[in-house]
Amino acid sequence: MKAATPSVETTLGIERLAWHDERAAAAMLVRAFAQDPLVKAICGQPEERRSEKMWWSFRMSLRAHCLSLEPAWILRGENHAVMGVVLVSLTGGRLSGASDFLFSLRSLWHIGWAAAQRGVEAARAIARHLPAPPFLYVRTLGVDPAIQHRCLGSKLLTHALNSLGTPSPAYLETAVESNLRFYSRHGFRCIGTFSAIGVPVWRLWRPARVEAPIPGPSFG
Ligand SMILES: CC(C)(COP(=O)(O)OP(=O)(O)OC[C@H]1O[C@@H](n2cnc3c(N)ncnc32)[C@H](O)[C@@H]1OP(=O)(O)O)[C@@H](O)C(=O)NCCC(=O)NCCS
């Protein structure tokens, strides 16, 4: 009798992001955020160049996150592929300070001056709208588009939200309106909007204690 093939949900494990995952994690985030309005506005046209700029930008932020020793997890798939990433910050309010100077220079060369300026302007708008700390800041959450809608984003987010061990409020922003439903299932509510380089951004807040996440439809 043929053994049942394990589903993608059971074969993927959550691991801490390690240095050597930087490239694979950045490549996965490029795929996940390909249609994100804010990322598109920052990286601009043409599309082929945009992917390269996104790759270097995600590498910079992953590296800064690792250097700052802030928590980050990945979903590891077959052949060690990175299928999901979540980056959180415990400081809640401070944007990553750590950087690798030579690597940053090299990245900026690939990203280009105009896109880098738009990135800085967007980051300033985001920083201006951060709530008062303390809170757990969900900086980045992405799942490979090939395996979205299988509860893996929920698994990563829940892991990150429970990572402190003690209840803590959490905050994030999104420029994708359809994400509001996903986050509301996890206890986030919209506390306002703002514009970052002309792109509408939703501010989402989750109190320290929430009722159990609202169950999604049953996928049997
Ligand atoms: C947002 C994101 C991380 C969600 O990841 P995901 O793995 O698709 O998340 P889930 O599968 O847990 O939930 C997504 C939806 O799929 C539904 N779903 C889950 N399993 C399903 C299944 N087997 N069949 C059909 N739908 C399913 C969930 O109910 C949920 O619906 P909702 O949006 O109405 O709440 C992912 O879409 C992504 O990477 N987007 C691009 C980057 C981005 O926008 N990140 C967030 C920026 S803050």
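The model shown is predicted, which means the values in this text are computed figures rather than measured ones. (Residues numbered from 1 in each chain as written. Predicted model: local features only at pLDDT ≥ 70, side-chain atom pairs only at ≥ 80, totals over all residues.)

*Asks:* An account of the overall build of the protein chain is requested, with residue identities and associated values reported.
*Replies:* Looking only at helices and strands, the protein chain features 8 helices and 7 strands. Here the protein chain holds 220 residues, and the buried ones make up 30% of them. A separation threshold of at least 6 residues defines the contact pool for the protein chain, and within that pool the share at least 24 residues apart is 77%. (Helix = DSSP H or I, 4+ residues; strand = E, 2+ residues; numbered from the N terminus. Buried ≥ 20, exposed ≤ 12 C-beta atoms within 10 Å, placed from the backbone. Contact = placed C-beta atoms within 7 Å.)

*Asks:* Outline the nonpolar core, supporting the account with residue identities and numerical values.
*Replies:* Counting residues in hydrophobic clusters, the biggest one holds 50 residues, and the most contacted among them are Ala25, Leu29, Val85, Val86 and Val138. The contact partners of Val85, leaving out residues within four places of it in the chain, are Leu17, Ala25, Met28, Leu29, Ile74, Thr140 and Gly142. (Core = buried A, V, L, I, M, F, W, Y, C linked by C-beta atoms within 7 Å.)

*Asks:* Now, about the environment of Ala72: what can you tell me, with residues and values included?
*Replies:* With respect to the secondary-structure elements, Ala72 resides in strand β2 (residues 72–76). Take Ala72: there are 23 C-beta atoms within 10 Å of it, and that puts it in the buried class. Separated by 66 residues in the primary sequence, Ala72 and Val138 place their C-alpha atoms 9.8 Å from one another. With near-sequence residues (within four places) excluded, Ala72 lies in contact with Leu17, His65, Val86 and Leu87.

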